[in-house]
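Here's the letter readout for the chains.
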Amino acid sequence: MNRVLRERLISIINRIPLHVAVIGLCLIWILPTLGLLITSFRPQQAVNETGWWEVVKSQEPTSTAYQTYCTDCHGANLSAVPSIDLGASDVVSGFTNTRRLAVTFNREYNGAVHIPEDQRPDDESLREILDYLRIESGAIKMPPRFTVNNYKDVMVGYDARGGTYDQACEEEGPTPTRSCDFWEDATRSDAIFKGVLNSFAVSIPSTILPILLAGFAAYAFAWLDFRGRKVMFALLVGLQIVPLQMTLVPVFRLYADLGLNGSFLGVWLFHTGFGLPYAIYLMRNFIAGLPREIVESAYLDGAGHWRVFRVIIMPLALPAIAALSIFQFMWVWNDLLVALIFLGNKAPVLTYQLSQLMDSLGGGWHRMTAAAFISMAIPLAVFLLFQRYFVRGLLSGSVKG
Ligand code: HEC
């Protein structure tokens, strides 16, 4: 084997652990996400009965159990017993669950029990038989494998147990809380759409404000000489460890005096306050790392602080700003605690609405997954939008030669 080939082989083998780790990490992220996505598109009943990975299985009800237990008397065509036609949808739809069907096995017809104890199907076979009868008799339509009903339901805020918005509108028609016009219902005040708007109304200012203020502060800490600079900066670093929960009560009382409870302004200020220390810390370190010559030559050219800040520092700090924006936005977007305490149901944000979707018995998954996906799509889009700033060379093009 020649040397070049051998070295290449070795370098490929050396990289295997890295590749395995990367693929593993991707799987850890992708698998649950895929599960969530698939679940959100499955019909309610399917979500309640089987796991999302079962979508690949065929859903045709199988006739094997029926053939084992029932064909002898009822026949392969379902109607061999003259007085009872198992192929008729009105007969079969009377059996709303397997227990209803199972009790007929105790009845006596012509002096003999319907099915003797030891010949009865077990629960699983019974389920299969009922499914088979339902589909064959046309009592229910074959449920589609995928549906957008979950998304529709969360968008209009339809939350009755069982059934879907479409069904309810078809069968019962409009009610005072439901106009059955999709767009009209989707823009009602308790619908997810409003929650998305509220979440934006909270997140965008809560991202811009701290980063803007942190930019000013970071500039001062990095380039201005003033007394107490080091102490203040140390204090700031220390402030990062103050737990948010500790301040809930005092801030709440303060807001009550100022009339800020239940207002967006209150939440903005709160998030700004808690975003600032870390933002200043990160921005200062980034700005202090920029080459001194650029800034100093700008001063020599007669540029004032404001001009240097706006024209030189901010554009150069874009990667730091992008990274901070992403973190801050995600944190605020996914925050439930602050929104719950300072906004509550006055201006329900998306996370608040999500928390209301699950009922206390753990039902309502199908809607929950759809809503979770809607709420997840937005930070994901923000990330994809900003990520090129991460990759962009930090100083490319700003220093000549
Ligand atoms: C030994 C023969 C036999 C077997 C096996 C049998 N059935 Fe029946 N089944 C009958 C007879 C006979 C009747 C009564 C018809 C009548 O009302 O006169 C009946 C009635 C029924 C009815 C109507 C019950 C009612 O009271 O409304 C249902 C439903 C039914 N069978 C389902 C099944 C299913 C499902 C199986 C398989 C698990 C099965 N049967 C197996 C003979 C049988």
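On a predicted model such as this, the values are computed, not experimentally measured, just so you know.

Attention shifts here to the coordination of the iron atom of the ligand. By definition of the ideal shapes, a tetrahedral metal site with four donors has angles of 109.5 degrees and an octahedral site with six donors has angles of 90 or 180 degrees. The iron atom of the ligand binds to the protein through His 74 (NE2) and His 114 (NE2); the donor distances cover 2.0 Å. With relative accessibility at 12%, the residue His 74 sits in the buried group. Judged by relative accessible area, His 114 falls into the partly exposed class, the value being 27%.

Another aspect to go through is a nonpolar patch on the surface. A surface patch of nonpolar side chains, amounting to about 840 Å² of accessible area, comprises Ile 23, Leu 27, Trp 29, Ile 30, Leu 31, Leu 34, Leu 380, Phe 383 and Leu 384. If you list the elements that add at least two residues to the nonpolar patch, you get α1 (3-40) and α20 (365-391). Per-element accounting of the nonpolar patch gives the leading share, 6 residues, to α1. Note on placement: Trp 29 falls in helix α1.

Locating Ala 65 in the fold gives a position in helix α3 (residues 64-69). Distance in space between the C-alpha atoms of Ala 65 and Tyr 132 is 9.0 Å, their sequence separation being 67 residues. For Ala 65, the residues in contact, after removing those within four places along its chain, are Ser 125, Glu 128 and Ile 129.

Of all residues adjacent to the ligand, which total 17 residues, the nearest are Cys 70, Cys 73, His 74, Arg 107 and His 114. Contacts to the ligand include His 74, whose side-chain N or O atom sits 2.7 Å from a nitrogen atom. In this structure, Ser 83 approaches the ligand through a side-chain N or O atom, which is 2.9 Å from an oxygen atom.

As a further point, take unusual backbone geometry. One non-glycine residue, Asn 110, adopts positive backbone phi at about 50°. For Cys 180, which is not glycine, the phi dihedral falls at a positive 70°. Following the sequence through the fold, Cys 180 ends up in the loop between α9 (165-171) and α10 (182-186). Residue classification places Cys 180 among the partly exposed positions, given a relative accessible area of 27%.

This brings us to the pattern of salt bridges. In this structure the tally under the stated criterion is 7 salt bridges. When the shortest N-O distance is used, the salt bridge between Glu 117 and Arg 120 registers 3.7 Å. Judged by relative accessible area, Arg 120 falls into the partly exposed class, the value being 21%.

The next point concerns the confidence of the model for the protein chain. Mean pLDDT for the protein chain: 86, with 95% of residues reaching 70 or above. Ranking the helices and strands of the protein chain by mean pLDDT puts helix α11 (residues 192-223) first, with 93, and helix α2 (residues 44-49) last, with 82. The low-confidence segment residues 393-401, where pLDDT is below 50, has 8 contacts with residues more than four positions distant or belonging to other chains.

Judged by nonpolar contacts, the single largest core of 29 residues is most densely connected at Trp 223, Ile 280, Met 283, Ile 287, Val 308 and Ile 313. Listed by contribution, the elements that provide at least two residues to this core are α11, α12 (229-239), α14 (264-288), α15 (292-300), α16 (305-316) and α17 (318-334). Here this core takes 8 residues from α11, the largest share from any one element.

Looking at the secondary structure, you find Gln 353 in helix α19 (residues 350-357). A relative accessible area of 9% places Gln 353 in the buried class. Once residues lying within four places of it in the same chain are set aside, the contact partners of Gln 353 are Asp 190, Ala 191, Ile 192, Gly 195 and Pro 348.

Across the interface, α11 lies against α12 with an axial gap of 10 Å and an inter-helix angle of 135°. By the angle between their axes, α11 is oblique relative to α12. For the pair α11 and α12, the crossing hand works out as left-handed. In this structure, α11 uses Ala 220, Phe 221, Ala 222 and Trp 223 to contact α12, whose residues at the interface are Arg 229, Met 232, Phe 233 and Leu 236. A breakdown of the residues in the contact of α11 with α12 according to their chemical character gives 7 nonpolar, no polar and 1 charged.

This paragraph deals with the packing of aromatic side chains. This model, assessed by the stated rule, comprises 20 aromatic pairs. Where Phe 233 meets Tyr 281, the ring centres are 6.1 Å apart and the plane angle is 25°; that geometry is what we call stacked. Here Tyr 281 lies in helix α14 and Phe 233 lies in helix α12, a separation of 48 residues in the sequence. The class of Phe 233 is buried, set by a relative accessible area of 15%. Accessibility expressed as a relative area gives 30% for Tyr 281, which makes it partly exposed.

Definitions and cut-offs
- Residues numbered from 1 in each chain as written.
- Predicted model: local features only at pLDDT ≥ 70, side-chain atom pairs only at ≥ 80, totals over all residues.
- Heavy atoms only, no water.
- Donors = N, O, S within 2.8 Å, 3.2 Å for Na, K, Ca; no water.
- Buried < 20%, exposed > 50% of the residue type's maximum accessible area, 1.4 Å probe, protein only.
- Patch = residues over 30% accessible without salt bridge, like charges linked within 9 Å, V, L, I, M, F, W, Y side chains within 5 Å.
- Areas by Shrake-Rupley, 256 points an atom, 1.4 Å probe, with all protein chains shown as cover.
- Salt bridge = Lys/Arg side-chain N within 4 Å of Asp/Glu carboxyl O.
- Helix = DSSP H or I, 4+ residues; strand = E, 2+ residues; numbered from the N terminus.
- Contact = heavy atoms within 4.5 Å.
- Near = heavy atom within 4 Å.
- Polar contact = N/O pair within 3.5 Å; in protein donor to acceptor, adjacent residues only side chain to side chain.
- pLDDT = per-residue confidence, 0-100.
- Core = buried A, V, L, I, M, F, W, Y, C linked by side-chain atoms within 4.5 Å.
- Axes fitted to C-alpha atoms, helices over the stretch in contact; angles between N-to-C directions.
- Parallel < 35°, antiparallel > 145°, perpendicular 65-115°, else oblique.
- Left-handed = near helix turned anticlockwise from the far one by under 90°.
- Nonpolar A, V, L, I, M, F, W, Y, C, P; charged D, E, K, R; others polar.
- Phe/Tyr/Trp six-rings, centres within 6.5 Å; stacked < 30°, edge-to-face > 60°.

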